[in-house]
Amino acid sequence: MASRRGHNSAVDWLLFVVLLAGVVLSCGPFAWMLATSVKPDAEVFRFPPTFFTADPQLDNYREIFSAIPFGRAFANSLVVCIAITLAQLIICSMAAYAFACLDFRGREPLFLIYLAALMVPPQVTIIPNFILVRSLGWIDTYQGLILPFAFSSFGTFLLRQYFKTIPRELIEAARIDGCNHWQIYLYIVMPLSRAALGALAIFAFVSQWNNFLWPLIVTTRPEMQTVTVALSTLQGQYNTDWPLLMTGSVLAVAPVIAVFILGNRSFIAGLTAGSFGGR
Amino acid sequence: MVGRGSLARRDAVAAWLFLAPSLVLFATFTGVPVIAAFLISFTQWDLFNPPRFAGLGNYLALAGDRIFGKVMGNTAYFVLASVPAQMVLGLASALALNRGIRGQTFFRVAYFLPVVTSTIAAALVWAWLFNSNFGLINALLSAFGVTDPPRWLGSTAWAMPAVIVVSVWQNVGYAMVLFLAGLQNIPKDLYDAGAIDGAMGWKRFYFITLPMLSPTTFFVLIISIIGSFQVFELVFVMTNAGPANATNTLVFYIYQNGFQFYQMGYASAAAMILFLIVLMATLVQYRLQTRWVHYG
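Residues numbered from 1 in each chain as written. Chains lettered and ligands numbered in written order. Predicted model: local features only at pLDDT ≥ 70, side-chain atom pairs only at ≥ 80, totals over all residues.

## Quick notes on the overall build of chain B
Moving on, step 1. Helix and strand content of chain B: 12 helices and 2 strands.
Moving on, step 2. Mapped from its N terminus to its C terminus, chain B presents α and β elements in the order α-β-β-α-α-α-α-α-α-α-α-α-α-α.
Moving on, step 3. Considered along the principal axes of its C-alpha atoms, chain B spans approximately 75 × 70 × 35 Å.
Moving on, step 4. For chain B, with 296 residues in total, the buried portion stands at 44%.
Moving on, step 5. In chain B, the share of contacts with a sequence separation of at least 24, taken over all contacts with a separation of at least 6, comes to 67%. (Helix = DSSP H or I, 4+ residues; strand = E, 2+ residues; numbered from the N terminus. Buried ≥ 20, exposed ≤ 12 C-beta atoms within 10 Å, placed from the backbone. Contact = placed C-beta atoms within 7 Å.)

Here you go:
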């Protein structure tokens, strides 16, 4: 914590009020999203608008699932996000084990190449990747949605930093006891790294849940769309049906916000860890 | 496995086995595509006919493309407005939340909420807020006596400021969290020593906090610049680059050319420009951080 020197209760009260106003700005749009989603249609286009309706409706939460295959989009997002998260946990941790715990020629240059990839904006590789996935016939498939994200340089970097903090003696002792590297990785390094793995899992899941451009270009059938793409399709079809659009938005943000509020500490750690997080 | 091989050699074999899955995926979806994007940028390719070598044709065409000029101008406008705003607000909220104020966990969560929100959903609710006829923002403006409020997303002058507002709204929390981490790394002794020398209030901030925070500030600056150059989803949902390309930005232009006009070569050339900008920002970070950034 910062020092409490110069504490002044009047200043603190003023700050508190300013901070509360900040909350209205940062969270107000969510309240408005929720409020609009339960408004009767007639009330939406009233001017000046009402903040909260006296007559909340849940019709939109039924209608959205018949307007577009939103339930399917939800399931697709879950499948894709879980698959990518698991793949990254396994593949990145294996690579990180090699970089952190093993000596081999070419380690430093290879690690630098992986790191350098963090500087490449995703939009640079998206065109060749699209051409590749298209020529493999993977448009509208789960593998097309999942595989390009199954490995992440960021995840490898994050886990390598963490693995390096595990005492070398522990690994040496296991070797002397006759463990091979696979056993050391599985029974020593991985169980000791739960915090870092959790951070990566959260980061991977949330960034994939919110991912848009890639699922947009590799899906053409509504049945294969993820939630974000389905939401933009909804906007294309019902561009003035604000209650329906807000319903879709509520449903799209709810899972992430729930996870965030339940585990905000490891969440923020995950999103800022290794300093390469964010978008 | 290797029978008589030395321990080191067995280590090396194990290492490459551990690396194998990542190497395959990295080569397929990052390594080769980076080179491919570079090569494609020298071709004309619509995906229906085989690619034709075009030399520097795409780059020359970009240089003479008036829309691309406008796109670069828009992107610069977006970056120059949103980066300072999100940094100043992020730093201010970090400073306010670093005083041990009541309810700071709540504030931190509340300010970070927009960061984890899907940009598509955020853009939708803001498009609704900015709706010129029935939106909340114009309702509030007219309640405060503004007789002729802007048409926001429908106006060439006001659409970009609206997109900038949303981007700042979404990214302040991220800057805040990074600044908070930076603030907490400043040794407390410095403030004690400063107090003896009479550094309080603004002096304390200017002579201790700000210099000690400079590595964080620099990092946030570079991350924000790189992120801002990649703005896409807000534009896609809020304005679809309109009106009259007033909000068309670099990544949207890449998307438009690649996936709406099927001009893979042209889109790749524009993507290379983006790559160059991000690369320069990163290199500037490496070179300059030793000069004016103070490490405690």
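## Points about the nonpolar core
Inside soluble globular proteins, nonpolar side chains tend to come together where they are buried.
Moving on, step 1. Of all hydrophobic cores here, the largest spans 163 residues; its most connected members are A:Tyr97, B:Ala123, B:Leu124, B:Met238, B:Ala270, B:Ala271 and B:Leu274.
Moving on, step 2. Counting contributing residues, this core receives three or more from each of domain 1 (9–57) and domain 2 (66–275) of chain A.
Moving on, step 3. For B:Ala270, the contacting residues outside a window of four places in its chain are B:Leu62, B:Leu250, B:Tyr253, B:Ile254 and B:Asn257. (Core = buried A, V, L, I, M, F, W, Y, C linked by C-beta atoms within 7 Å. Domains from an automatic or database assignment.)

## Considerations on the domain arrangement of chain A
Residue and element names in this part refer to chain A.
Moving on, step 1. Domain boundaries assigned for chain A yield domain 1 (9–57) and domain 2 (66–275).
Moving on, step 2. In this structure, domain 1 and domain 2 have C-alpha centres spaced 33 Å apart.
Moving on, step 3. Across the contact, 7 residues belong to domain 1 and 6 residues belong to domain 2.
Moving on, step 4. Take the side of domain 1 that touches domain 2: its biggest share by element is 4 residues, from helix α1 (residues 9–37).
Moving on, step 5. By residue class, the composition of the side of domain 1 that touches domain 2 is 3 nonpolar, 2 polar and 2 charged. (Nonpolar A, V, L, I, M, F, W, Y, C, P; charged D, E, K, R; others polar.)

## A few points about helix α7 (residues 159–184) of chain B
All names here are of chain B.
Moving on, step 1. Here α7 contains 26 residues, and its C-alpha end-to-end distance of 38 Å stays within 8% of the 38 Å for a straight helix at 1.5 Å per residue.
Moving on, step 2. The largest bend in α7 is about 35°, located at Asn171.
Moving on, step 3. For α7, the buried fraction is high: 21 of the 26 residues fall into the buried class. (Expected span 1.5 Å × (residues − 1). Bend = angle between axes of the 7 residues up to and from the residue.)

## Focus on unusual backbone geometry
Excluding glycine, a negative phi dihedral is what most residues carry, and trans is how most peptide bonds are arranged.
Residue and element names in this part refer to chain B.
Moving on, step 1. With omega at -15°, the peptide bond leading from Gly242 into Pro243 counts as cis.
Moving on, step 2. On the secondary structure map, Pro243 appears in the loop between α10 (233–238) and α11 (250–260).
Moving on, step 3. Unusually for a residue other than glycine, Ala241 sits at a positive phi of about 75°.
Moving on, step 4. Mapped onto the fold, Ala241 is located in the loop between α10 and α11.

## Looking at the interface of chain A and chain B
Moving on, step 1. Each partner contributes to the interface: chain A provides 75 residues, whereas chain B provides 78 residues.
Moving on, step 2. For the side of chain A that touches chain B, the secondary structure elements donating two or more residues are α1, α4 (70–101), α6 (122–135), α11 (194–210), α12 (213–218), α13 (227–237), α14 (242–262) and α15 (264–272) of chain A.
Moving on, step 3. Examining the composition of the side of chain A that touches chain B, we find that 13 residues originate from one element, α1(A), more than from any other.
Moving on, step 4. Across the side of chain A that touches chain B, the residue classes break down as 50 nonpolar, 19 polar and 6 charged.

## Topic: the environment of B:Leu95
Residues and elements named next belong to chain B.
Moving on, step 1. Along the polypeptide, Leu95 turns up in helix α3 (residues 66–97).
Moving on, step 2. In this structure Leu95 comes out as partly exposed when scored by C-beta crowding, with 18 C-beta atoms within 10 Å.
Moving on, step 3. As a C-alpha pair, Leu95 and Ala121 span 26 residues in sequence and 29 Å in three-dimensional space.

## Overview of the packing of α1(A) against α14(A)
Two quantities define a packed helix pair, namely the angle between the axes and the distance from one axis to the other.
Residues and elements named next belong to chain A.
Moving on, step 1. It is at 7 Å that the axes of α1 and α14 come closest, and there the two elements cross at 125°. It follows from the interaxial angle that α1 and α14 lie oblique. Crossing angle aside, the handedness with which α1 passes α14 is left-handed. For the pair α1 and α14, the contacting residues are Met33, Leu34, Thr36 and Ser37 in the first and Trp242, Pro243, Met246, Thr247, Ser249 and Val250 in the second.
Moving on, step 2. Tallied by class, the residues present in the contact of α1 with α14 amount to 6 nonpolar, 4 polar and no charged. (Axes fitted to C-alpha atoms, helices over the stretch in contact; angles between N-to-C directions. Parallel < 35°, antiparallel > 145°, perpendicular 65-115°, else oblique. Left-handed = near helix turned anticlockwise from the far one by under 90°.)

## Quick look at the confidence of the model for chain A
All names here are of chain A.
Moving on, step 1. Of the residues in chain A, 91% reach a pLDDT of 70 or more, and the chain-wide mean stands at 89.
Moving on, step 2. In the predicted structure, residues 1–6 sits below a pLDDT of 50 and forms 12 contacts with residues beyond four places in sequence or in another chain.
Moving on, step 3. In the model, residues 274–279 has pLDDT below 50 throughout and makes 17 contacts with residues more than four positions away in sequence or in other chains. (pLDDT = per-residue confidence, 0-100.)

## Some thoughts on α1(A)
An α-helical turn contains 3.6 residues, so a residue and the one three or four places further along point in the same direction.
Moving on, step 1. A rise of 1.5 Å per residue sets the reference length of α1(A), with its 29 residues, at 42 Å; its end C-alpha atoms lie 41 Å apart and thus fit the reference within 8%.
Moving on, step 2. At A:Cys27, α1(A) shows its largest bend, some 50°, and a proline, A:Pro29, comes one to four positions later.
Moving on, step 3. Three or more residues of α1(A) are buried, namely A:Leu19, A:Gly22, A:Ser26, A:Pro29, A:Phe30, A:Met33, A:Thr36 and A:Ser37.
Moving on, step 4. For α1(A), the secondary structure elements touched by its buried residues are α2 (41–44), α3 (59–67) and α14 of chain A together with α3, α4 (104–116) and α5 (119–129) of chain B.

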